[in-house]
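Chain by chain, the residues run as shown.
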Amino acid sequence: MNDARPLRVAIADDALLLREGIAKVLEGGGIEVVASVGTGEELVEVVRGGGIDAAVLDIRMPPTHRDEGVRALEAIRASGSTIGVLLLSMYATPEYALRVMQAGSGTGYLLKERVSEPETLVRAVETVASGGSVVDPEVVEQLVKRTRADDPISRLTERERSVLELMAQGYSNGGIAQTLFLGLKTVETHVRSILQKLDLEESPEHHRRVLAVLTLLGER
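Counting restarts for each chain: residues are numbered from 1 in the order of the written sequence. Given that this is a predicted model, residues contribute local features only at a pLDDT of at least 70 and side-chain atom pairs are listed and counted only at 80 or more, while totals for whole chains, interfaces and linings are drawn from all residues. In computing side-chain values, all of the structure's heavy atoms are included and hydrogens and water are not.

A short note on the environment of Pro 6
Thought 1: To qualify as a helix, a DSSP run of H or I must reach at least 4 residues; to qualify as a strand, a run of E must reach at least 2; elements of each kind are numbered from the N terminus. Along the chain, Pro 6 turns up in the segment before strand E1 (8-12).
Thought 2: With a relative accessible area of 36%, Pro 6 lands in the partly exposed category.
Thought 3: Here the alpha-carbon distance between Pro 6 and Val 44, two residues 38 residues apart in the chain, equals 21 Å.
Thought 4: Contact definition: two residues touch when any of their heavy atoms are within 4.5 Å. Apart from residues lying up to four places away in sequence, Pro 6 is in contact with Gly 30, Glu 32 and Asp 53. Under the scheme applied here, a residue whose accessible area is under 20% of the maximum for its type counts as buried, over 50% as exposed, and between as partly exposed, the area being computed with a 1.4 Å probe on protein chains only.

Focus on the domain arrangement of the protein chain
Thought 1: By convention here, the domain bounds are inherited from an automatic or database domain assignment. When the domains of the protein chain are assigned, the result is domain 1 (8-147) and domain 2 (152-217).
Thought 2: Carbon and sulfur atoms make up 62% of the surface buried where domain 1 meets domain 2, a total of about 1300 Å² over both sides.
Thought 3: The term salt bridge refers to a pairing of a side-chain nitrogen on Lys or Arg with a carboxyl oxygen on Asp or Glu at a separation within 4 Å. Between domain 1 and domain 2 we count 0 salt bridges in total.
Thought 4: What qualifies as a polar contact is a pair of N or O atoms within 3.5 Å, subject to a donor-acceptor requirement within protein and to the restriction that residues adjacent in sequence count only when both atoms come from side chains. The interface formed by domain 1 and domain 2 contains 1 residue pair in polar contact (both at pLDDT 80 or more).
Thought 5: A per-element tally of the side of domain 1 that touches domain 2 places helix H6 (residues 137-144) first, with 4 residues.
Thought 6: The residue classification treats Ala, Val, Leu, Ile, Met, Phe, Trp, Tyr, Cys and Pro as nonpolar and Asp, Glu, Lys and Arg as charged. All others, Gly included, are polar. In terms of residue class, the side of domain 1 that touches domain 2 is built from 8 nonpolar, 8 polar and 1 charged. In this description, buried area is defined as the sum, over both parts, of the accessible area (probe of 1.4 Å) that is lost when the two are combined.

Here's the deal with the layout of surface pockets
Thought 1: Taken as a whole, the second largest pocket spans an internal volume of roughly 180 Å³.
Thought 2: Of all elements in the fold, only helix H2 (40-48) and helix H3 (68-78) reach the threshold of two or more residues within the lining of the second largest pocket.
Thought 3: Considering every element that reaches the lining of the second largest pocket, the biggest residue donor is H3, with 4 residues.
Thought 4: Here the lining of the second largest pocket is composed, by residue class, of 5 nonpolar, 2 polar and 3 charged. Using a grid of 1 Å spacing that covers the protein atoms alone, one calls a set of points a cavity when a 1.4 Å probe fits there but cannot get out, and a pocket when the set is open and has protein on both sides within 12 Å along at least five of seven lines; lining residues are those with an atom within 4 Å of a point. Grid points are joined across faces, edges and corners, and a volume is the space filled by probe spheres set on the points.

Let's talk about the UniProt feature "modified residue: 4-aspartylphosphate" (unreviewed entry) in the protein chain
Thought 1: UniProt positions are given in the numbering used here, feature names are shortened, and annotations may be inferred rather than shown by experiment. When the UniProt feature table is mapped onto this chain, "modified residue: 4-aspartylphosphate" (unreviewed entry) is found at Asp 58.
Thought 2: Tracing the backbone shows Asp 58 in strand E3 (residues 54-58).
Thought 3: With residues up to four places along the chain from it excluded, the contact list for Asp 58 reads Ala 12, Asp 13, Asp 14, Gly 69, Leu 87, Leu 88 and Lys 112.

Description of the environment of Ala 97
Thought 1: Mapped onto the secondary structure, Ala 97 falls in helix H4 (residues 94-101).
Thought 2: Taking relative accessible area as the criterion, Ala 97 reaches 0% and is therefore assigned buried.

Points about the pattern of salt bridges
Thought 1: One pass over the structure, following the stated rule, counts 14 salt bridges.
Thought 2: Across the pair Arg 114 and Asp 136 runs a salt bridge whose closest N-O atoms are separated by 2.7 Å. Here Arg 114, found in the loop between strand E5 (107-111) and helix H5 (118-129), pairs with Asp 136, found in the loop between strand E6 (134-135) and H6; they are 22 residues apart in sequence, far enough to count as distant.
Thought 3: Overall, the relative accessible area of 11% leaves Arg 114 in the buried class.
Thought 4: Given the relative accessible area of 0%, Asp 136 is considered buried.
Thought 5: In this structure, Glu 165 engages Arg 161 in a salt bridge whose closest nitrogen and oxygen atoms are separated by 3.6 Å. Linking Glu 165 with Arg 161, this pair stays in helix H7 (residues 158-168), spanning 4 residues, or about one helical turn.
Thought 6: Under the relative-accessibility criterion, Glu 165 is labelled partly exposed at 24%.
Thought 7: Sharing partners across several salt bridges, the network here consists of Asp 67, Arg 71, Glu 74 and Arg 99.

Side note on helix H1 (residues 16-28)
Thought 1: By this rule the span expected of a helix is its residue count minus one, scaled by 1.5 Å. Its 13 residues place the ends of H1 18 Å apart at the C-alpha level, agreeing with the 18 Å of an ideal helix rising 1.5 Å per residue.
Thought 2: What H1 keeps buried is the set Arg 19, Ile 22, Ala 23, Val 25 and Leu 26. Considered in projection along H1, the buried side chains sweep an arc of 165 degrees and stay on one side of the axis. Opposite the buried face of H1, at more than 90 degrees from it, the exposed residues are Leu 17, Lys 24 and Gly 28.
Thought 3: Contacts from the buried residues of H1 go to E1, strand E2 (32-37), E3, strand E4 (84-89) and H5.
Thought 4: Phi turns positive one or two residues past the end of H1, at Gly 30, with a value near 85 degrees. Read the arc as the range of directions from the helix axis to the C-beta atoms.

Here it is in structure tokens:
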């Protein structure tokens, strides 16, 4: 990604007013909106044309208003594209969030109400564009409450679990340090410990963080 220019983003939602609202928020955060379409299929075509760093799209769009956004994400990944993809939903649906995260690095799932929180939305787009992952805190809360036999998360200390939950929300190590009032080296130590305790083998940093989040959500 070229740091000399702003992020280039495409938006897909069948509600024109919402697309315009998202565009306004992103542009206010220094992000360039280069395309605005009404369906997942149109978005996939935009991505194939190249020239964008990330996409923001609704999960439920025509024709069935069920999981078109997730299907578009899966089609984008199947094409080999590694652009950031941020899915927006009216509802905290854990099953959709897990499908999104299973698409790998550079993906995110947020509730649409976050559009009214400019800093949160802009940060989420920047995170997925850089290869990170984002899960809405409300969805994280629902998923971590699920009881599981032999839960690997039980190996973590309370502090490590707090760090992992912030990782799931897309925070960088620096952001975690600021949020939890910890030193950066302390956070880095916690992250290494988390990855070791979850038995995540050496691999690119973003990939390991996504696997850690999937473990937290109960799907690894």
